[in-house]
Amino acid sequence: MRHRRAVLAAALSLTAALAAVPATTAAAAPAPAPASVQAAAGYAAYAGSSQEAKANKAFFEAVMESVAEKRAANPGALAVTVVYSASNAPSFRTQIARSTQIWNSSVSNVKLQEGSSPDFQYYEGNDSRGSYASTDGHGRGYIFLDYRQNQQYNSTRVTAHETGHVLGLPDHYSGPCSELMSGGGPGTSCQNATPNAQERARVNTLWQNGLAAAVAKVS
């Protein structure tokens, strides 16, 4: 829930967001984001500030540009696939897999897939600001999953929420538990990790209409 900065660094705080990671997770050694990315990133305010909204949008656009470059090189590909790496978040592999399954079964115009040459990466560790997503402004980004926050809130919800930013959805903390992007707004009792109908439709629209423009931009 927080990154952004003079470089396009996008953050999407979820500093109140989402149950429980295994006890072994807390003891695991953190795998911080690359130093080059940390140096490039600033921090946006929590609670839906205008800066945070711009950061969310910038992160989505950076990922879309990365995907568009691949599609421009292979125009015959029909599916829009966003590739991620979970190698730096081993404690959260189960949650990441569940989040991927949730999103892939919820939307049709974009798919998440683990693989090489990722458009974004997952990282884990300790951060007092909670979990967030960010980009270095060069078509690459990462999602950081905070240990403590994932022990307090539903961990799959945290992961699916942050992944929602990758797909273009902004935070909406005042929303109900049934709204995935309400993050931690509904409190720790909220267990929902699935986007609602409006969120699903929004993602489908963004990737159907937005990608064509992105491909044209890099062509």
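Residues numbered from 1 in each chain as written. Predicted model: local features only at pLDDT ≥ 70, side-chain atom pairs only at ≥ 80, totals over all residues. Heavy atoms only, no water.

1. Section: the packing of helix H4 (residues 93–106) against helix H6 (residues 155–166)
Then comes step 1: In contact at an axis separation of 9 Å, H4 and H6 are set at 55° when each is read in the N-to-C sense. Judged on the interaxial angle alone, H6 and H4 are oblique. As for the relative orientation of H4 and H6, their crossing is right-handed in sense. Facing Gln95, Ile96, Arg98, Ser99, Ile102 and Trp103 of H4, the residues of H6 in contact are Ser155, Thr156, Thr159, Ala160, Thr163 and Gly164.
Then comes step 2: Among the residues making up the contact of H4 with H6, the classes are represented as four nonpolar, seven polar and one charged. (Axes fitted to C-alpha atoms, helices over the stretch in contact; angles between N-to-C directions. Helix = DSSP H or I, 4+ residues; strand = E, 2+ residues; numbered from the N terminus. Parallel < 35°, antiparallel > 145°, perpendicular 65-115°, else oblique. Left-handed = near helix turned anticlockwise from the far one by under 90°. Contact = heavy atoms within 4.5 Å. Nonpolar A, V, L, I, M, F, W, Y, C, P; charged D, E, K, R; others polar.)

2. Examining the confidence of the model for the protein
Then comes step 1: Residue-level pLDDT values for the protein average 74, and 63% of them are 70 or greater.
Then comes step 2: Per-element confidence in the protein is highest for H4, whose mean pLDDT is 98, and lowest for strand S2 (residues 42–43), whose mean pLDDT is 31.
Then comes step 3: Confidence drops under a pLDDT of 50 for residues 1–49, and excluding neighbours within four residues, the segment shows 185 contacts in the predicted structure. (pLDDT = per-residue confidence, 0-100.)

3. Thoughts on H6
Then comes step 1: Along its 12 residues, H6 runs 17 Å from first to last C-alpha, staying within 8% of the 16 Å computed at 1.5 Å per residue.
Then comes step 2: The buried fraction of H6 amounts to 12 of the 12 residues, a majority that puts the element mostly inside the structure.
Then comes step 3: Within the sequence span of H6, burial applies to Ser155, Thr156, Arg157, Val158, Thr159, Ala160, His161, Glu162, Thr163, Gly164, His165 and Val166.
Then comes step 4: The N-cap residue of H6 is asparagine 154: its side-chain oxygen and the backbone nitrogen of threonine 156 are 3.1 Å apart.
Then comes step 5: Phi for glycine 168, located one or two positions after H6, is positive at around 110°. (Expected span 1.5 Å × (residues − 1). Buried < 20%, exposed > 50% of the residue type's maximum accessible area, 1.4 Å probe, protein only. Polar contact = N/O pair within 3.5 Å; in protein donor to acceptor, adjacent residues only side chain to side chain.)

4. Here we look at the pattern of salt bridges
Then comes step 1: Inspection of the entire model under this criterion finds one salt bridge.
Then comes step 2: One salt bridge in this structure joins glutamate 114 and arginine 93, with 3.1 Å as the shortest N-O distance. Of this pair, glutamate 114 sits in strand S4 (residues 111–114) while arginine 93 sits in helix H4, and the two are 21 residues apart along the sequence.
Then comes step 3: On the accessibility criterion, arginine 93 (39% relative accessible area) is partly exposed. (Salt bridge = Lys/Arg side-chain N within 4 Å of Asp/Glu carboxyl O.)

5. Details of the nonpolar core
Then comes step 1: Grouped together as the largest cluster of nonpolar side chains are 33 residues, with contacts concentrated most on Val82, Trp103 and Trp207.
Then comes step 2: Of the residues forming this core, the biggest block, five residues, is contributed by helix H3 (residues 50–73). (Core = buried A, V, L, I, M, F, W, Y, C linked by side-chain atoms within 4.5 Å.)

6. As for the pairing of strand S7 (residues 141–146)
Then comes step 1: Of all six residues in S7, six are buried; the element is thus mostly enclosed.
Then comes step 2: In S7, alternate side chains face the same way, and those of Gly141, Ile143 and Leu145 on one face and Tyr142, Phe144 and Asp146 on the other are all buried.
Then comes step 3: Judged from the six bridges that link them, strand S5 (residues 120–125) and S7 form a sheet pairing that is parallel. Paired with glycine 125 across the strands is aspartate 146, a residue of S7. (Pairing = 2+ DSSP bridges.)

7. A few points about the environment of proline 118
Then comes step 1: Mapped onto the elements of the fold, proline 118 is located in the loop between S4 and S5.
Then comes step 2: For the pair proline 118 and valine 83, spaced 35 residues apart in sequence, the C-alpha to C-alpha distance is 4.7 Å.

8. Thoughts on the packing of aromatic side chains
Then comes step 1: In this structure the tally under the stated criterion is seven aromatic pairs.
Then comes step 2: Centre to centre, the rings of phenylalanine 120 and tyrosine 122 are 5.3 Å apart; their planes meet at 65°, and the pair counts as edge-to-face.
Then comes step 3: On the basis of relative accessible area, phenylalanine 120 is assigned to the buried category, the value being 0%.
Then comes step 4: Overall, the relative accessible area of 0% leaves tyrosine 122 in the buried class.
Then comes step 5: Measuring from ring centre to ring centre gives 5.7 Å for tyrosine 123 and tyrosine 142, while their planes differ by 85°; the resulting arrangement is edge-to-face. One end of the pair, tyrosine 123, is in strand S5; the other, tyrosine 142, is in strand S7, with 19 residues separating them in the sequence. Of the two residues, tyrosine 123 and tyrosine 142, both sit in the buried class. (Phe/Tyr/Trp six-rings, centres within 6.5 Å; stacked < 30°, edge-to-face > 60°.)

9. Overview of the side chain of threonine 100
Then comes step 1: Note that threonine 100 resides in helix H4.
Then comes step 2: Overall, threonine 100 belongs to the buried group, its relative accessible area being 9%.
Then comes step 3: Side-chain polar atoms of threonine 100 contact the backbone oxygen of isoleucine 96, separated by 2.9 Å.
Then comes step 4: Contact partners of threonine 100, with chain neighbours within four places excluded, come to Tyr84 and Leu112.

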